[in-house]
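Report on the structure
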Amino acid sequence: MTYRLIAAATALALTATAAGADGITIASWGGSYQKAQSEALFKPASEAMGITVKEETYGGMSDVRLQVQTGAVTFDIVASGSGSASRAGAEGLLEELDYSVIDVSTFYPGLYMPFCVGGDVFSTVYAWNTETFPDGGPQNWADFWDVEKFPGTRAYRGKVAGALEPALLADGVAPEDVYEVLSSVEGIERAIDKIRELKPHITVFWTSGAQHAQLMKDGEVDMTTGWNGRFDVAAADGAKVAYSFNQALLDYDCFAIPKGAPNKDLAMKFLAEISKAEYQANLPKYITYGPTNKAAYELDAISADVAAMLPSSPDNAAMQLPIDIEWYAEWETIASEMYQEMLTE
Amino acid sequence: MRDSLTDTATEALPITIRGVTKTYGRVHALDDVDLDIRSGEFLTLLGPSGSGKTTLLMVLAGFIRPDRGSLRFGDDEVIRLPPHKRDLGMVFQNYALFPHMTVAGNVAYPLRLRGISKAEAAERVEKALETVQLGGYGARRITQLSGGQKQRVALARAIVFEPRILLMDEPLSALDKKLRERMQIELRHLHDKLGMTTVYVTHDQREALTMSDRIAVINHGRVMQIDTPSRIYDHPANRFVADFIGESTFLPVGRDGPVVAYEGQPLSYTDTPPSGDLVLMIRPERLRILTGEAREANRFEATVTDIVYQGDSYLMYARLADGAEVAVRGVIRSTTFSALPEVGGSVTLGLDPEDTVLIPAGDAPDE
Amino acid sequence: MSEAALPMAAAATHADDLRRDARREQLALFGLASPALLLVMVVLVIPVGWLFYLSFIGADGSFSLENYERMFDSKSYRRIFWTTFEISFLTTGICILIGYPLAYFLAQLPRRAANLCLITVLLPFWTSLLVRTYAWLVLLQRKGLINEWAIDLGLWDEPVKLAHNMTGTVIGMVHIMLPFLVLPLYGSMKAIDRDYLRAAANLGAGPVRNFWTVFLPLSLPGLFAGALIVFVLCLGFYVTPAVLGGGKVIMVSMKIASNIELFVNWGAASALGVVLLAATLVILFTAARFVKLDRLAGGGH
């Protein structure tokens, strides 16, 4: 084991020297997502600041954990899901962000936290097959649960993240009380019981965005939960799918600085730069995820038509329930075990 | 005196084979074979490999379906009967003992199939094992047995259900020489005791001569000769049989009516020779070295070319005037070997008229 | 006396030399094996040891049994193990039911035809597991080919649930596992001397009795080997249940993956791996005893 760590550390140390003094290294998820980030955020911001940005892809917070634990940190900034960033922060793997440097005054509340600043916004929505429901699909979570009004098969998330809130909303809990109710084992059990109620109609518990998009495309299910961007892509591809932002869950991806990052101060300044509205406004050109900075909507870059499709446009955001990262940090592992219990029944 | 494994004796069956033919592509494995096997006799099918003897046995057992022909056990036509309904005992070359059963399990197998009660089966199995001198071996595993023991178990299994016909496919070929010779005698005794019609396949002429009531010599899918061992040896029907069984030298002879001459010298003989072209067959042990005694014999002048010492006998090779080489075998006694002429010396060989065998010059009966 | 001693001494010297030669040969042989031994050490012993060690490390980094306690306390873990073994048994059973007649058929064919047929059996090996699994999804889902054709042909009116459940998972796994059963089985059937079957027929066994009393028992070692391979491979399956199980059929491997994602340490996942490994070893050990017994029964075969 020791040998492995030394080898890994050596390899990382070698790559670390490759990044110049006047530059930073950013790690993200790759693919079309990172391409959008690169075009809209990284490249313009690095030009404006006159620094070099080295982009890498990584395997998530477990990579950061390895780097921090071996003291050979090479990433200055990592892109992450809000939940895992929150847990990594609690674990002590991330630097606290300096919000006197990063201006989040025009951010949506809740889209930044001590260790992570929001980079893009997406929604967990309910989507339906427009052929099965030609007269309009469900308009809230109660409808999603109503198998008499909307008969048909459903798909639902196979993991606990974003799975409990809709159940409570369908059960009549007010949006503002959802996380309060969930902050006890009984509350979690209440949400899971509600899912148990629907379970006979749930054909598939999906585990990836690609999967829930394909399920709708193939007509395997008539209704599913899922991430809005995927359904837009599927619809553009000819799938008979529509969704609504009403009662959807507003979630975000964020940027964080690993503990002991080699260019921590520069990274902080870079985060301040890409959080500005003018960069954020360009993101929807490349992917249908919304900016975290509200001010971006006031710029010309986002037309009204595009804005209507984005989760974080003020009108859409107002209908949604923002994900509570702190609740996930505290309760996710417990809730996850309980959720799995339900799945295996 | 017939004996039986049970008290109810069963009669042996004669086998009648008529016009059995089996071809593989253009090769005749069996070519219009006719053969009568007598009830209760020990008949050996003898021939070189590829002669068709095994094919004929497989046809008898039902494992090979011939192209045409008739096969009767007693009065019943069985040519279309599947193997498991033929009720024959068979001993396979590699024994084919079931490795997943014990010795007793193997021997009891045919009884089990015939619905014989466990108690009776156990009794008969033990009796069969005793018959092959393996009493008390029932619980052993097949892998724990020596080659000879396996052979006996295979035999016990083949006779335990008292088939009226027993087939054996080179059953002794895997055993060493000493054991083989002992088993030959045992098998023969067992046959005499049980009295079932036995068809035995071998390529070993000595084995055939030792065990059989009659031998059918097979070649190219045809029966070359069927007769008693001594008739086969002493009076082969053709050159193939003479050549295949025992050692022999063939000398060309001329024929003019009843006079048969070798190199212009008329031969005296006792048996009427067959018609057509003839050769003189000389067995090495029938030639004698003449030392001037008066007895009437056909005489051959020759030159000694080699002498081989073989322990119990010697083999002397000699060249006749026409260049043909003959072999002479003699028993070694303390005086005979040293009295032999030296290599290069001349010698007079004698052949008694009774041993002067004239056979057709061709290889096969109709050649 | 001294004359006699000389050859004796020479003989003794040779004995030493010969012994040294023998030892050198053994060393050379060991040298040949050493790369493989080293590889086994590096890729097998060390990771498994590490896994074992990690499973006893709690979330706070100290020695703890919490990873195992969680497994015994929670019903879902028990169900996951149950599902894993249930699917493995079911898949193995169906593989035997389909694979045995198939191998039997192949073993009866002439060599050339059998080879050709074997290639078609092996063909699935040459396509990616994921592709094959998705192909099954295309066939089995609600609006998949099988349901659409069956409804067109009037076999059934409503789509039958073939995918996203246990049925789909087992269908997909049987397809993938079948060659692993057929190959060893075919080999052992081919190795059965025809004379055994002839002997049985000669002794009075008709084709059916012949099969049950001779052919089947003699093919059992191959069947056992194949079934064992299939069963053990099934235990660790991930892709097929993940794609065809609809998220409700959860096997141990999937739980391992989700534990790595969910918990901050590897111990939770390692503990699952250790328990699965232990369960597999118990089964292998039990099975090995049967196989050995069977070997004895199978004799030199």
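Structure shown above.
Attention here is on the structure that accompanies the text.

Observations concerning the overall build of chain C
For chain C, the count of helices and strands is 12 helices and zero strands. Counting helices and strands in the order they occur from the N terminus, chain C gives α-α-α-α-α-α-α-α-α-α-α-α. Against the compact-globule benchmark of 19 Å for 301 residues, chain C has a radius of gyration of 27 Å, which places it well outside the compact range. If one aligns the C-alpha atoms of chain C with their principal axes, the spans along those axes are about 105 × 70 × 30 Å. Buried positions account for 41% of the 301 residues belonging to chain C. In the structure as shown, chain C presents an accessible area of about 16,600 Å², 73% of it carried by carbon and sulfur atoms.

Details of the packing of aromatic side chains
If you walk through the whole model with that rule in mind, you get 35 aromatic pairs over all chains. Their ring planes at 90° and their centres at 5.6 Å tell us that Tyr 104 of chain C and Phe 211 of chain C sit as a pair that is edge-to-face. Linking Tyr 104 of chain C in helix H3 (residues 75-108) with Phe 211 of chain C in helix H9 (residues 207-235), this pair joins segments that are 107 residues apart in sequence. Judged by its relative accessible area of 31%, Tyr 104 of chain C is partly exposed. On the basis of relative accessibility, which here comes to 18%, the residue Phe 211 of chain C falls in the buried class. Site record: aromatic cluster; members linked through ring pairs are Tyr 126, Trp 128, Trp 141, Phe 144, Trp 145 and Tyr 156 of chain A. For Arg 140 of chain B, the ring lying beneath its charged end belongs to Tyr 137 of chain B, and the centroid distance is 4.4 Å. The ring of Tyr 233 of chain B is capped by Arg 283 of chain B, whose NZ or CZ atom sits 4.1 Å from the centre of that ring.

As for the nonpolar core
Counting residues in hydrophobic clusters, the biggest one holds 198 residues, and the most contacted among them are Leu 164 and Tyr 339 of chain A together with Ile 17 of chain B. If you look at the next biggest cluster of nonpolar residues, it comprises 48 residues, including Ile 77, Val 204, Met 216 and Ala 261 of chain A.

Details of the pattern of salt bridges
Residue and element names in this part refer to chain A. Within this structure, the stated rule accounts for 38 salt bridges over all chains. Among the salt bridges present, the one from Asp 193 reaches Arg 196, with a minimum N-O distance of 2.7 Å. Of this pair, Asp 193 and Arg 196 both sit in helix H8 (residues 185-198), three residues apart, which is roughly one turn of that helix. A relative accessible area of 40% means that Asp 193 is categorised as partly exposed. Look at Arg 196 and you get partly exposed, because its relative accessible area is 24%. The partner of Lys 217 in a salt bridge is Asp 237, and the shortest N-O contact between them spans 2.6 Å. Highlighted residues: Lys 217 in helix H9 (residues 209-218) and Asp 237 in the loop between helix H10 (228-236) and strand S9 (241-256), separated in sequence by 20 residues. What you see here is one network of salt bridges that share partners, running through Asp 171, Arg 190, Lys 194 and Glu 197.

A few points about the pairing of strand S3 (residues 77-81) of chain A
Residue and element names in this part refer to chain A. Taking burial as the measure, the five residues of S3 include five buried ones, the bulk of the element. In this structure, strand S1 (residues 23-28) lies alongside S3, joined through two bridges in parallel fashion. Counted as the bridge partner of Ala 27 is Val 78 from S3. Strand direction decides the pairing type here: S3 and S9, joined by four bridges, are antiparallel. Its bridge partner being in S9, Ala 79 is matched across the sheet by Phe 255.

Observations regarding the interface of chain B and chain C
Tallying the contact residues gives 24 residues for chain B and 25 residues for chain C. Contact between chain B and chain C buries roughly 2,100 Å² in total, counting both sides, with carbon and sulfur atoms accounting for 62%. Where chain B touches chain C, the interface holds zero salt bridges. Here chain B is connected to chain C by seven residue pairs in polar contact (both at pLDDT 80 or more). For the side of chain B that touches chain C, the elements supplying multiple residues, two or more each, are strand S6 (89-91) and helix H2 (103-113) of chain B. A per-element tally of the side of chain B that touches chain C places H2 of chain B first, with four residues. Of the residues contributing to the side of chain B that touches chain C, the split by class is 15 nonpolar, five polar and four charged.

Side note on the interface of chain A and chain C
Across the boundary between the two partners, chain A contributes 27 residues, which contact 24 residues of chain C. The largest share of the area that chain A buries against chain C comes from Glu 220, Glu 337 and Thr 344 of chain A, three residues that together contribute 23% of it. Ionic pairing is found between Arg 142 of chain C and Asp 222 of chain A, a salt bridge with its closest N-O pair at 2.7 Å. Viewed at the interface, chain C and chain A are joined by 13 residue pairs in polar contact (both at pLDDT 80 or more). Put simply, the parts of the chain that give the side of chain A that touches chain C at least two residues each are helix H4 (82-91), strand S7 (202-206), H9 and helix H15 (325-344) of chain A. Looking at the side of chain A that touches chain C, its residues break down into eight nonpolar, seven polar and 12 charged.

Parameters at a glance
Numbering of residues begins from 1 in every chain and follows the order in which that chain's sequence is written. All chains are assigned letters beginning with A, and all ligands numbers beginning with 1, in the order in which they are written. Side-chain atom pairs in this predicted model are given and counted only at pLDDT of 80 or more, local residue features only at pLDDT of at least 70, and totals for whole chains, interfaces and linings cover all residues. Calculation of side-chain values draws on the structure's entire complement of heavy atoms; hydrogens and water are dropped beforehand. In this description a helix means any DSSP run of H or I spanning at least four residues, a strand means any run of E spanning at least two, and both kinds are numbered starting from the N terminus. Both definitions apply: the radius of gyration is a C-alpha atom measure, and the globule rule equals 2.2 Å times residues to the power 0.38. Throughout, exposure labels follow a simple rule: accessible area from a 1.4 Å probe, protein chains only, divided by the maximum for the residue type, with under 20% read as buried, over 50% as exposed, and the rest as partly exposed. Surface accessibility in these figures is a Shrake-Rupley result with a 1.4 Å probe; residues are shielded only by whichever protein chains are displayed. Classification of ring pairs rests on two measures: the distance between centres of Phe, Tyr or Trp rings, Trp counted by its six-membered ring, which must be within 6.5 Å, and the angle between planes, read as stacked under 30 degrees, edge-to-face over 60 and tilted in between. We call a charge positioned over a ring when the NZ of a Lys or the CZ of an Arg lies within 6 Å of the ring centre and within 35 degrees of the ring normal. Within this scheme, the nonpolar core is defined by two criteria: the residues are buried Ala, Val, Leu, Ile, Met, Phe, Trp, Tyr or Cys, and they are joined through side-chain atoms within 4.5 Å. For this analysis, a salt bridge means a side-chain nitrogen from Lys or Arg found within 4 Å of a carboxyl oxygen belonging to Asp or Glu. Two strands are said to pair when DSSP picks up at least two bridges between them. Any two residues whose heavy atoms approach within 4.5 Å at even a single point are treated as in contact. Summed over both partners, buried area is the accessible surface (1.4 Å probe) that two parts give up on being assembled. Two N or O atoms form a polar contact when they lie within 3.5 Å of each other; inside protein one atom must be a possible hydrogen donor and the other a possible acceptor, and for residues adjacent in sequence the pair counts only when both atoms belong to side chains. Residues are sorted three ways: Asp, Glu, Lys and Arg are charged, Ala, Val, Leu, Ile, Met, Phe, Trp, Tyr, Cys and Pro are nonpolar, and all the rest, Gly among them, are polar.

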